[in-house]
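As a plain string of letters, each chain reads:
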Amino acid sequence: MKQSKLQRKVSGVGIVSCCIVTLFAVLCLVPFLYIIAASFSDESSLIREGYHLLPRKISFEAYQMVLGGRQIWDSYKVSIFTALAGTFLSLFFSSMLAYPLSTKRMKYGPAINFYVYFTMLFSGGLVPTYILISRYLKLTNTVWVLILPVLVIPWNMFLLRNFYASIPASLAESAKIDGANEFTILVRIILPCSKPALATVGLFYALGYWNEWFKAMLYNSGDKETWPLQYLIMQLIRKAETITNMAAQGMNISSANMPSSTMKMATAICTIGPIVLAYPFAQRFFTGGIMVGSVKG
C-alpha cells in the first residue's frame, strides 16, 4: 500500500516536471517564431503594427535582399569550410595535446600545463598579434587566417584533458602490453571512449568558427572572396542602416525599398539555420558530454 502511494507520488512529480519543462520550451520557442514571422513581414506593416506571431502582410523582400547576390553563397561556402575544416583540425590538435597531458608519463607535463594555462590569463595583445599574422605568417586575405590563430583553445583543451584523465588507465596499459604505441592508443582506445567529450567540445569549436567575423574584418577586408557569412551579413546590415539614416536626415536618397528591420530578422534566420540543423546530430552525446572535465582536475 505504501509502495503504491509512493509510485503515484513519483509519477505525479514526473508529470508536473514534464509540464514545467514543456512550458519552458514553448517560452523559449516563442521569440524564435516572432523572428521568423518578422522576416517574412512587409517593412511598412512591421513598423506600423509591430511584431506578431503571424505576419500581417507577407513579403519576401528581405530574403531577396539577403540571398539575391552571388556573394552570399560564396560567403556560405567560406563559413561552411571554416566550420568543418576548423572543427576537425581543432579537435585533432587539441586531442594530440590533451592526451599526453592527461597521463603522468609525459616529461615536463606540469610545465607544459602551466604554459598552456598561462595563455588563458595573458595574451600578446591585438597589435603584436596583427603584426605576427599579417607580416610574418602572411595569412591576410586567406581563409586560413580564420582557422590557424584559434586552432587550439586552451579551455577546450583542458576539458578534453580532464575527460581523458577520467578514462581508466588500465585500458591504455593493456594496449601497451600488446605492443600499441601512444598514437594507436589515442586513436583506437581513447577517442572511441570520448565521443561525448568530442561532440561537446566540437560544438564549441564549430560555433566559434561559424560566428567568426572579427578576424575577417581585421585581415580579409580587402578580399570579398574570403569573407565569412557573418562578416558579409554585418556589411549588408550596416549598408541598409546607413541608407535609412541618410534618408531620415533629409538627404536626397530613397529608403522606401530598403527593408532594414525585416532584413535583420532574415539574416538571423540565414545565419543560425545550419547550426540548428546540425545540433540534433550531436545532441545524443550531450548527456555524457555535459559533465566533461568534472571528474578529475
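The rules behind each value
- Residues numbered from 1 in each chain as written.
- Predicted model: local features only at pLDDT ≥ 70, side-chain atom pairs only at ≥ 80, totals over all residues.
- Heavy atoms only, no water.
- Helix = DSSP H or I, 4+ residues; strand = E, 2+ residues; numbered from the N terminus.
- Contact = heavy atoms within 4.5 Å.
- Core = buried A, V, L, I, M, F, W, Y, C linked by side-chain atoms within 4.5 Å.
- Buried < 20%, exposed > 50% of the residue type's maximum accessible area, 1.4 Å probe, protein only.
- pLDDT = per-residue confidence, 0-100.
- Axes fitted to C-alpha atoms, helices over the stretch in contact; angles between N-to-C directions.
- Parallel < 35°, antiparallel > 145°, perpendicular 65-115°, else oblique.
- Nonpolar A, V, L, I, M, F, W, Y, C, P; charged D, E, K, R; others polar.
- 1 Å grid on protein atoms, 1.4 Å probe; cavity = no way out; pocket = protein on both sides within 12 Å on 5 of 7 lines; lining within 4 Å.
- Points joined across faces, edges and corners; volume = space filled by probe spheres on them.
- Expected span 1.5 Å × (residues − 1).
- Arc of directions from axis to C-beta.

Caption draft 1: Representation of the side chain of Ser95 in the model. Note on placement: Ser95 falls in helix 4 (residues 70-102). Filtering out sequence-adjacent residues up to four positions away, Ser95 remains in contact with Pro100, Leu160, Tyr164, Leu186, Leu191 and Leu198.

Caption draft 2: Molecular detail of the nonpolar core. With 52 residues, the main nonpolar core has Val66, Ile72, Tyr99, Leu160, Tyr164 and Ile190 as its most contacted residues. No other element matches the 9 residues that helix 4 contributes to this core. Leu160 has contacts with Ser94, Ser95, Ala98, Ala197, Leu198 and Val201, leaving out every residue within four places of it along the chain.

Caption draft 3: Quick look at the confidence of the model for the chain. Chain-level statistics for the chain give a pLDDT mean of 82 and a share of 85% at 70 or above. Put simply, helix 14 (residues 286-289) is where the chain has its lowest mean pLDDT, 53, and helix 4 is where it has its highest, 91. Note on residues 289-297: pLDDT is under 50 here. Beyond four places in sequence and across chains, it has 15 contacts.

Caption draft 4: Main features of the packing of helix 4 against helix 9 (residues 182-193). Running from amino to carboxyl end, helix 4 crosses helix 9 at an angle of 100 degrees, the nearest separation of the two axes being 11 Å. Classified by the angle their axes make, helix 4 and helix 9 are roughly perpendicular. Judged by residue contacts, Ser95, Met96 and Tyr99 of helix 4 engage Glu182, Phe183, Ile185, Leu186, Ile190 and Leu191 from helix 9. Looking at the contact of helix 4 with helix 9, its residues break down into 7 nonpolar, 1 polar and 1 charged.

Caption draft 5: Broad picture of the layout of surface pockets. If you add up the space inside the largest pocket, you get close to 790 Å³. Among the elements that line the lining of the largest pocket, the one with the most residues is helix 6 (residues 126-136), at 5 residues.

Caption draft 6: Fine view of helix 9. When the terminal C-alpha atoms of helix 9 are compared, their 15 Å separation across 12 residues agrees well with the 16 Å that a helix rising 1.5 Å per residue should span. For helix 9, the complete set of buried residues consists of Ile185, Leu186, Ile189 and Ile190. For helix 9, the angular spread of the buried residues around the axis is 130 degrees, confining them to a single face. Where helix 9 is buried, its residues meet helix 4, helix 7 (154-166) and helix 8 (169-177).

Caption draft 7: Focus on unusual backbone geometry. The backbone of Tyr108 shows a phi angle near 60 degrees, a positive value even though the residue is not glycine. Relative to the helices and strands, Tyr108 is located in the loop between helix 4 and helix 5 (109-121).

Caption draft 8: A look at helix 5. With 13 residues, helix 5 ought to run about 18 Å at 1.5 Å a step, and its terminal C-alpha atoms sit 19 Å apart, in line with that. Where helix 5 is concerned, the buried positions are Gly109, Asn113 and Val116. End-on view of helix 5: buried residues confined to an arc of 70 degrees, all on one side of the axis. Away from its buried face by more than 90 degrees, helix 5 exposes Pro110, Phe114 and Tyr115. Check the buried side of helix 5 and you find it contacts helix 4 and helix 7.

Caption draft 9: Structural detail: the side chain of Thr262. Along the chain, Thr262 turns up in helix 13 (residues 260-283). Classification of Thr262 by relative accessible area gives buried; the value is 0%. In contact with Thr262, not counting residues within four places along its chain, are Ala38, Ser39, Ser41, Asp42, Glu43, Leu46 and Ala62.

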